[in-house]
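# Chains, contacts and geometry: an overview
Residue strings, one per chain:
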Amino acid sequence: VRVKIPNSKLNLVSNISRGNTSQVKQSLKFKYAALECMPELISSIKKEIVESCPKLILDGSSPWRVYFNSFELGYVEVVVDARFKVVPSSNEYYKVREAVMNAIGRAVLDCEVEFQ
């Protein structure tokens, strides 16, 4: 089988590794007891990430979300979805990712909630 793709269609392909922005998306699972302080927890996660990550894109050009996503069997889910002015898969990306995880950890400890 031979497939021909016109050159005019090739501009739809992009190599994300050549981009200059990256994404950190993390799903967090908490015990149902976390519902008591969910707004505080979400605000605390946002605050910690903003304070810890100067390369976070906050100008509205890229998504920046921390939200209560769902009720699941045995846990509730919160999603963190952030974009950064950092090349994907670079050493700097992994430093930023670690900073995000540490920020989430501080917020969780401050709010005294437990992961599932």
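Right, let's walk through the structure included here. (Residues numbered from 1 in each chain as written. Predicted model: local features only at pLDDT ≥ 70, side-chain atom pairs only at ≥ 80, totals over all residues. Heavy atoms only, no water.)

## Overview of the overall build of the protein chain
Stated precisely, the cut-off is as follows: Here a strand is any run of E in DSSP of at least two residues, a helix any run of H or I of at least four, and the numbering for each starts at the N terminus. Here the radius of gyration uses the C-alpha set of atoms, whereas the globule reference equals 2.2 Å times the residue count to the power 0.38. Three labels apply to residues, based on accessible area from a 1.4 Å probe with only protein chains included: buried if under 20% of the type maximum, exposed if over 50%, partly exposed otherwise in between. We call two residues in contact when some of their heavy atoms are within 4.5 Å.
Tallying secondary structure elements over the protein chain gives two helices and three strands in all. For a compact globule of 116 residues, the expected C-alpha radius of gyration is about 13 Å, and the protein chain comes in at 18 Å, more than 25% above that figure. Evaluated residue by residue, the protein chain yields a buried proportion of 35% over its 116 residues. Residue pairs at least 24 apart in sequence account for 74% of intrachain contacts in the protein chain once pairs closer than 6 positions are excluded.

## Here's the deal with the state of the cysteines
Stated precisely, the cut-off is as follows: To count as a disulfide, a pair of cysteine sulfur atoms needs to be within 2.5 Å.
Tallied over the entire structure, the rule returns zero disulfides. This cysteine, C37, is not joined by any disulfide, and C111 carries the nearest cysteine sulfur, 5.3 Å off. Look at C37 and you get buried, because its relative accessible area is 16%.

## Regarding a nonpolar patch on the surface
What counts, and what does not: Patch building starts from residues that exceed 30% relative accessible area and form no salt bridge, then joins like charges within 9 Å and nonpolar side chains (Val, Leu, Ile, Met, Phe, Trp, Tyr) within 5 Å. For every accessible area listed, the method is Shrake-Rupley and the probe measures 1.4 Å; residues are considered covered only by the protein chains on display. A side-chain nitrogen of Lys or Arg and a carboxyl oxygen of Asp or Glu constitute a salt bridge if their distance falls within 4 Å.
Together, Y32, L35, F68 and F71 line one region of the surface with nonpolar side chains, adding up to about 360 Å² of accessible area. The exposure class assigned to F68 is partly exposed, which follows from its relative accessible area of 30%.

## Here we look at the sheet that holds strand β1 (residues 22-30)
Heads up, the rule is: Strand pairing requires that DSSP identify at least two bridges connecting the strands. Helix axes use the C-alpha atoms of the stretch in contact, all axes being lines fitted to C-alpha atoms, and the angles between their N-to-C directions lie in the range 0 to 180 degrees.
Within the open sheet, the three strands sit side by side as β1-β3-β2. Their pairing is antiparallel. Across the chains shown, the open sheet's two edge strands, defined by having one partner strand only, are β1 and β2 (64-72). Averaged over all pairs of adjacent strands, the angle between strand axes in this sheet comes to 15°, irrespective of strand direction. Here β2 pairs with strand β3 (residues 75-84) via eight bridges, running antiparallel. Pairing of F68 across the sheet is with V78, part of β3. Across the face of the sheet, helix α1 (residues 38-52) comes into contact with β1, β2 and β3 while running at roughly 145° to β2. Docked against the sheet, helix α2 (residues 91-111) engages β1 and β3, running at close to 30° with respect to β1.

## So, unusual backbone geometry
The phi angle at S89 is positive, at roughly 60°, despite the residue not being glycine. Among the structural elements, S89 can be located in the loop between β3 and α2. Residue class for S89 comes out exposed when judged on its relative accessible area of 57%. Despite not being glycine, E112 shows a phi value in the positive range, around 55°. Tracing the chain through its elements places E112 in the segment after α2.

## Examining α2
Since the α-helix advances by 3.6 residues per turn, residues separated by three or four positions end up pointing in the same direction. Convention followed: Take the number of residues in a helix, subtract one, and multiply by 1.5 Å to get its expected span. As used here, the arc is the angular range of directions from the helix axis to the C-beta atoms.
Between its terminal C-alpha atoms α2 stretches 31 Å, which fits the 30 Å expected from 21 residues at 1.5 Å a residue. Those residues of α2 not exposed but buried are Y93, V96, V100, A103, I104, A107, V108 and C111. All buried residues of α2 lie within an arc of 135° about the axis, which places them on one face of the element. Along α2, exposed side chains directed more than 90 degrees from the buried face belong to N91, K95, L109 and D110. Where α2 is buried, its residues meet β1, α1 and β3. Phi turns positive, to about 55°, at E112, one or two residues after α2.

That's the geometry; what it means functionally is another story.
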